[in-house]
Amino acid sequence: MSDWPLSYLTSAGPRAREVVPLTWYVLLVSIAVSLVISALLWRALRRTRPEDQSIEIRDVPIERGTSGVRWISIGLMVSAVPLAVAFVWTLLTLAAIAGPPAHPGLVLDVTGRQWWWQVEYAASQPSDVFATANEIHIPVGVQVLVRLHGADVIHSFWVPQLSGKTDAIPGQTNTSWIQADKPGRYLGQCTEFCGAQHAHMQFEVVAEPREDFDRWESLQRQPAAVPSTAEASRGLSLVEYRCGLCHRVRGTAAGAVSAPDLTHLMTRRTLAAGTLLNNPGNLAGWVQNPQNIKPGNLMPNQFLSAQQLSDALAYLETLK
Ligand code: CUA
């Protein structure tokens, strides 16, 4: 469903598959209710007044027949049945999808931040732990446990075609899990209002065959490549002292973790949490003037000279 990347009416994994039929049911019942109410309202509005205009409106007797009460009973019964079905179905669906997998094939720590997603891949060897941002790679057919954290305010993790919404709350660890049936890119979106750039807080889940995932993972564990040109070397020093107070590039002096890890920046498809495609022009625009593109985000405008910008880009483009 690449045309409708946030469609919640189709599923691409076992967890979403439990939810989608219930979603359809509630949607169709809601449409039916809207149509019936509209039809009744239309009929009431079209009712003609009595012919005899001589009757003052206050003289019209209040009918006290039983038919009105009967209609209320019928209406209650008609709405109680679909509501009861929805209630029981919801409980069954919650029970089916709630439990995080006991033996997940992959464990991720995902932290919602204003306004991007930090993704850490847990590993038994501390040296194998690595972080990326706004792009979650998973192997196809594997249950992935997602531990959710909040760094500042409440965010909510949602990949409609793989799983429902789970809040990422500061000071608390919630768990979600995802599993994809087939390779593909599945769009995720923060779904709890978290400030001015809430809409620009997207991420992608990239489901890949096992070999592709393993290749991606071993690449991500590598430190950044050492620059081979003079321009890129100057760029590295600039990145270390200008960007390194917030960002990390493993293998360099840039070691902070309050902004996205840039070690393999060029392997990611988007910049600024889905705001821009990651290409040289957008990267240049973003580095120079992020407040123009995503006002209010924590990255200040850089005011680099043309030479500095071109050096910085020459280096950033080596982060493959
Ligand atoms: Cu984060 Cu909305």
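The text that follows walks through the structure, step by step, so that each part is easy to find. Counting from 1, residues in each chain are numbered in the order their sequence is written. Totals for whole chains, interfaces and linings use all residues, but because this is a predicted model, local features are given only for residues with pLDDT of at least 70 and pairs of side-chain atoms are given and counted only at 80 or more. Computation of side-chain values covers all heavy atoms of the structure but excludes hydrogens and water.

## Concerning the packing of helix α4 (residues 230–243) against helix α7 (residues 306–316)
Only the stretch in contact is used when fitting a helix axis, every axis being a line fitted to C-alpha atoms; angles between N-to-C directions are given from 0 to 180 degrees. Each helix is a run of H or I in the DSSP string that is no shorter than four residues. Each strand is a run of E no shorter than two, and both are numbered from the N terminus. The contact between α4 and α7 brings their axes to 7 Å, and the two run at 95 degrees. When the axis of α4 is compared with that of α7, the two are roughly perpendicular. Contact residues: α4 offers Glu231, Ala232, Arg234, Gly235, Leu236, Leu238, Val239, Tyr241 and Arg242, while α7 offers Gln307, Gln308, Ser310, Asp311, Ala312, Ala314, Tyr315 and Leu316. Any angle that is under 35 degrees is reported as roughly parallel, and any over 145 degrees as roughly antiparallel; angles of 65 to 115 degrees are reported as roughly perpendicular and all others as oblique. Contacts between residues were defined by any pair of non-hydrogen atoms, one from each residue, lying within 4.5 Å.

## A closer look at unusual backbone geometry
In this structure, tryptophan 115 follows glutamine 114 across a cis peptide bond, with omega equal to -5 degrees. Along the chain, tryptophan 115 turns up in the loop between β1 (106–113) and β2 (116–121). The backbone phi angle of alanine 273 is positive, close to 60 degrees, even though this residue is not glycine. When accessible area is computed with a 1.4 Å probe and restricted to protein chains, residues below 20% of their type maximum are described as buried, those above 50% as exposed, and intermediate ones as partly exposed. On the basis of relative accessibility, which here comes to 0%, the residue alanine 273 falls in the buried class.

## What about the pairing of strand β7 (residues 163–168)?
Here strand β6 (residues 155–159) pairs with β7 via 4 bridges, running antiparallel. Along β7, the bridge assignment pairs histidine 155 with alanine 168. When DSSP locates at least two bridges between a pair of strands, those strands are taken to pair. Turn length for the β6-β7 hairpin, with the two strands adjacent in sequence and antiparallel, is 3 residues.

## Description of the nonpolar core
Where a protein is soluble and globular, its nonpolar side chains tend to be buried together. Think of a nonpolar core as a cluster: buried Ala, Val, Leu, Ile, Met, Phe, Trp, Tyr and Cys residues, connected wherever their side-chain atoms sit within 4.5 Å. One finds Val110, Tyr121, Ile136, Ile138, Phe157 and Val205 to be the most contacted residues of the largest nonpolar core, which totals 30 residues. Elements supplying a minimum of two residues to this core: β1, β2, β4 (135–139), β5 (144–150), β6, β10 (202–208) and α3 (210–221). Among residues more than four places away in sequence, those in contact with isoleucine 136 are Leu108, Val110, Val119, Tyr121, Phe157, Phe203, Glu204, Val205 and Val206. In terms of nonpolar packing, the next biggest core, distinct from the first, is built from 23 residues, Leu276, Ala284, Leu313 and Leu316 among them.

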